[in-house]
Number of protein chains: 2
Amino acid sequence: MRGEDRRELIMQAAMKVFGDYGYVGATTAQIARAAGVSQPYVVQAFGTKEQLFLAVIERALQSLLGAFARVVESDRDAPVGPEHPTLSARLGAAYVDQLNEPGLLLSLMHAFVLGKDHTIGPAGRGGFMQVYRYLRDAAGFSPEEVRAFLAEGMLINTMIGLRMIDEFDTDADARELLAGSFERKLDQVRRLAADSASPPR
Amino acid sequence: MRGEDRRELIMQAAMKVFGDYGYVGATTAQIARAAGVSQPYVVQAFGTKEQLFLAVIERALQSLLGAFARVVESDRDAPVGPEHPTLSARLGAAYVDQLNEPGLLLSLMHAFVLGKDHTIGPAGRGGFMQVYRYLRDAAGFSPEEVRAFLAEGMLINTMIGLRMIDEFDTDADARELLAGSFERKLDQVRRLAADSASPPR
DNA sequence: GTCCTTAGTGATCGAACGATAACTTATCTC
DNA sequence: GAGATAAGTTATCGTTCGATCACTAAGGAC
């Protein structure tokens, strides 16, 4: 296989494993297993574990911004009116759709709590601010609207990171919280979560 | 020193170190150094690193709920009117005040992204739902209000985890985002962040 | 058909980490 | 004051992990 294609497979596997176990918790051996290659190859293909993580974060960010851009693009000729979804709602749906790429939002979230790290910190801050500026400048949100939108996103990340959906059948309050968080996307998220039921480490 | 007092010191040190480096990234040796004891004593005093982390999470949760309870308690005879802060604003201020205990909110946040872990996951979900129920039932919020409040909290956690305040002097957009996130508490948070400037690992 | 580049593996190394064991010191009890 | 108990340390062990090294196989160029 071509090197670049193999690197692509490794990156997808890494995204998933980093999302599940965090930057420190994930091991290159786990990633290698998930990608179907040997452990040294994972390291050699990206230099170091840290560089692989940074590549995953960068990829995740570009995926998110690309999805937002497609929504904003199509917003020009979208119908308006009380019965049509707002731009904010459509961007929110695009955000939740990122869950289709396993580990994408969670890898970002793991980066967001490692701001103290001298390498990951700047990357995380820069990425977050890139999203902030895009929503404000390209989507036309006010600073207050951006903040509210991002806050909803961070709550969604937390619900996913906590695997709160595991409590859906057993806790009515969790059900209430999840329903409010995902709204029309709830069933889709439930299906995705069911597919990725925890395998053994 | 009495064992219980020493355990208290270790727990505070652990809260700080876990907040900085995460559950996996933090080492018992770092915690020991921060607490002024030997590494084996940290382990022996709490059984395992995992049990120490769970104790930290439990402590953090009780601190948060206690602060909320004091606000709700004092809310009965609080003045109302347009020029007085709402209950939500006062609870938000109590939340930000938790930053006075180093690592408290961040240790919680680290637990919130480890939902896959068979031990930390249930503890994190249970703790989060405990806060949810308290805000809804004791503070009298509607489900929608609780969700919005928690979302703001998760954004605050993200700002802290990213150390976004480090960009305050260099990035006007970060300044704008931080001003919206912390409002009247911004100066207080800035002072706290300046105090805990990153020491070497 | 030889040569060189690319893709990839197996073996292994050194460092770091959590945990355990054995020991020391101080305090309190009878 | 002997003996027990609690507090805490030093030394060390086994495991795990990221990284490195040496090697092999495949394929294209000439």
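Below is a short write-up of the structure. All values reported here derive from a predicted model rather than from experimental measurement.

We now examine the environment of Ser88(B). Residues and elements named next belong to chain B. Here serine 88 lies in helix α5 (residues 87-97). Classification of serine 88 as partly exposed rests on a relative accessible area of 34%. Expressed as a C-alpha distance, the spacing of serine 88 and aspartate 171, which sit 83 residues apart in the sequence, is 29 Å. Excluding residues within four positions of it along the chain, serine 88 makes contact with Phe141 and Phe149.

Moving on, we get to the pattern of salt bridges. For the structure on display, the rule yields 32 salt bridges over all chains. The partner of Arg2(A) in a salt bridge is Asp5(A), and the shortest N-O contact between them spans 3.9 Å. Taking the relative accessible area as the measure of exposure, Arg2(A) reaches 53% and is therefore exposed. Overall, Asp5(A) belongs to the partly exposed group, its relative accessible area being 35%. Close ionic contact of Arg147(B) with Glu144(B) constitutes a salt bridge, the shortest N to O distance being 3.1 Å. Linking Arg147(B) with Glu144(B), this pair stays in helix α8 (residues 143-161), spanning three residues, or about one helical turn. Exposure remark for Glu144(B): the relative accessible area of 46% places this residue in the partly exposed category. A single salt-bridge network, built from bridges that share partners, covers Arg133(A), Arg136(A), Asp137(A), Asp171(B), Asp173(B) and Glu176(B).

Turning our eyes to something else, we now look at the interface of chain A and chain B. With 43 residues of chain A in contact, the opposing surface of chain B contributes 43 residues. Regarding the contact of chain A and chain B, the summed buried area is about 4,200 Å², with carbon and sulfur atoms giving 63% of it. At the surface where chain A touches chain B, the tally comes to 14 salt bridges. In this structure, the connection of chain A to chain B is made through 26 residue pairs in polar contact (both at pLDDT 80 or more).

When chain A is fitted onto chain B, the two copies agree to an RMSD of 0.0 Å after a turn of 180° and an axial shift of 0.0 Å. What we have between these two chains is a two-fold relation. Residue Ala151(A), judged by its C-alpha, is the member of chain A lying nearest the rotation axis, at 2.4 Å. When the interface residues of chain A are mapped onto chain B, 100% of them are again interface residues, pointing to one common binding face.

Another aspect to go through is helix α4 (residues 49-75) of chain B. For α4(B), with 27 residues, the first-to-last C-alpha span of 39 Å sits near the 39 Å given by 1.5 Å per residue. Turning to α4(B), its buried residues are Leu52(B), Phe53(B), Val56(B), Ile57(B), Ala60(B), Leu61(B), Leu64(B), Leu65(B), Ala67(B), Phe68(B), Val71(B) and Val72(B).

Moving on: the protein's contact with DNA strand D. Close contacts around DNA strand D come from 16 residues, with Thr28(A), Gly3(B), Arg6(B), Ser38(B) and Tyr41(B) the closest. When the atoms of DNA strand D within 4 Å of the protein are sorted by group, sugar and phosphate make up 64%. Within the backbone of Ala26(A), a nitrogen or oxygen atom sits 3.3 Å from a phosphate oxygen of DNA strand D. Side-chain polar atom of Tyr41(B) to a phosphate oxygen of DNA strand D: 2.7 Å apart, as the coordinates give it. Counting residues per element, the ones that place at least two in the surface near DNA strand D are α3 (39-46) of chain A together with α1 (3-25) and α3 (39-46) of chain B. Top contributing element to the surface near DNA strand D by residue count: α3(A), with three residues. Grouping the amino acids of the surface near DNA strand D by side-chain chemistry returns seven nonpolar, six polar and three charged.

Residues and elements named next belong to chain B. Structurally, the position occupied by threonine 28 is in helix α2 (residues 28-35). The class for threonine 28 is buried, based on a relative accessible area of 14%. Polar side-chain contacts of threonine 28 include one of 3.2 Å to the side chain of glutamine 39. For threonine 28, the residues in contact, after removing those within four places along its chain, are Gln39, Val42, Val43 and Lys49.

Attention now moves to the packing of helix α1 (residues 3-25) of chain A against α3(A). Packed helices, taken two at a time, are described by the angle their axes make and the gap between the axes. Residues and elements named next belong to chain A. Contact geometry for α1 and α3: axes closest at 11 Å, N-to-C directions at 105°. For the element pair α1 / α3, the angle class is roughly perpendicular. Here α1 contributes Arg6, Arg7, Ile10 and Met11 to the contact with α3, which in turn contributes Tyr41, Val42, Ala45 and Phe46. Residues of the contact of α1 with α3, tallied by class, amount to six nonpolar, no polar and two charged.

Further remarks concern the environment of Val43(A). All names here are of chain A. As for its placement among the helices and strands, valine 43 is situated in helix α3. As for valine 43 and leucine 155, which are separated by 112 residues in sequence, their C-alpha atoms are 33 Å apart. Setting aside anything within four residues of it in sequence, one finds valine 43 in contact with Thr28 and Thr48.

Parameters and conventions
Residue numbers run consecutively from 1 along every chain, following the written order of its sequence. Ligands are numbered from 1 and chains lettered from A, in the order in which they are written. Local features in a predicted model are, by the rule used here, given only for residues with pLDDT of at least 70; side-chain atom pairs are given and counted only at 80 or more, and totals for whole chains, interfaces and linings are based on all residues. The basis for every side-chain value is the complete set of heavy atoms in the structure, and neither hydrogens nor water enter the calculation. Only DSSP runs of H or I reaching four residues or more are called helices, and only runs of E reaching two or more are called strands; each is numbered from the N terminus. Accessibility here uses a 1.4 Å probe with only protein chains present; expressed as a share of the type maximum, an area under 20% marks a residue as buried, one over 50% as exposed, and anything in between as partly exposed. The criterion used for residue contact is that any of the two residues' heavy atoms lie within 4.5 Å. For salt bridges, the criterion is a side-chain nitrogen of Lys or Arg within 4 Å of an Asp or Glu carboxyl oxygen. Two parts lose some accessible area (1.4 Å probe) when they are put together, and adding that loss for both gives the buried area. The term polar contact refers here to a pair of N or O atoms within 3.5 Å; inside protein, the definition further demands a hydrogen-donor-capable atom paired with an acceptor-capable atom, and it admits residues adjacent in sequence only when both atoms are side-chain atoms. Only residues with pLDDT of at least 70 in both copies count here: their C-alpha atoms drive the least-squares fit that superposes the copies. In this analysis, the expected span of each helix is defined as 1.5 Å times one less than the number of residues it contains. Here a residue is near a molecule or strand as soon as one of its heavy atoms is found within 4 Å of it. Under the convention adopted here, Pro, Cys and the residues Ala, Val, Leu, Ile, Met, Phe, Trp and Tyr are nonpolar, Asp, Glu, Lys and Arg are charged, and Gly plus all remaining residues are polar. Fitted lines through C-alpha atoms give the axes, limited to the stretch in contact for helices. The angle between two N-to-C directions lies from 0 to 180 degrees. Relative orientations are named as follows: roughly parallel for angles under 35 degrees, roughly antiparallel for angles over 145 degrees, roughly perpendicular for angles from 65 to 115 degrees, and oblique for any other angle.

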